[in-house]
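Structural features, examined
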Amino acid sequence: MLTNEAYKPINCDDYDNLELACQNSWTLALEMKDGEKLKAKATDMVSRKNVEYLAIDLSGEVRELRLDHISSFSHPDLGTVVVSESD
């Protein structure tokens, strides 16, 4: 996916759920808009140059996922959340 396209903020409830996942160090099943599927521990929310990212620990490798590139995420305490853009 191109990283130079304009960032589209995600829905506030979806953002709050990701923050909760970070606070609890939950392992999330993530599906990206490009079809990539990940199972990784949510570690932090990062904002850089007006773009927001979810920092994850993927088997010891730290990655940052653009929030607007995440299609959905799930956790047993949360259910499955389909990420939507903010209104």
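I will try to describe carefully the structure that is included in this document. (Residues numbered from 1 in each chain as written. Predicted model: local features only at pLDDT ≥ 70, side-chain atom pairs only at ≥ 80, totals over all residues. Heavy atoms only, no water.)

1. A look at the nonpolar core
- With 26 residues, the main nonpolar core has L28, L30, L54 and I70 as its most contacted residues.
- Mapped onto this core, the elements with two or more residues apiece are α1 (12–23), β1 (27–32), β2 (37–48), β3 (51–58) and β5 (70–75).
- Not counting the four nearest positions on each side in its chain, L54 is found in contact with L18, C22, L28, L30, A42, D44, M45, R63, E64, L65, L67 and I70. (Core = buried A, V, L, I, M, F, W, Y, C linked by side-chain atoms within 4.5 Å. Buried < 20%, exposed > 50% of the residue type's maximum accessible area, 1.4 Å probe, protein only. Helix = DSSP H or I, 4+ residues; strand = E, 2+ residues; numbered from the N terminus. Contact = heavy atoms within 4.5 Å.)

2. Here's the deal with the side chain of R66
- Structurally, the position occupied by R66 is in strand β4 (residues 61–66).
- Owing to a relative accessible area of 5%, R66 belongs among the buried residues under this scheme.
- At 3.4 Å, the side chain of R66 and the backbone oxygen of E5 are in polar contact.
- Within the local environment of R66, its side chain forms a polar contact with the side chain of D68, the two groups lying 2.8 Å apart. (Polar contact = N/O pair within 3.5 Å; in protein donor to acceptor, adjacent residues only side chain to side chain.)

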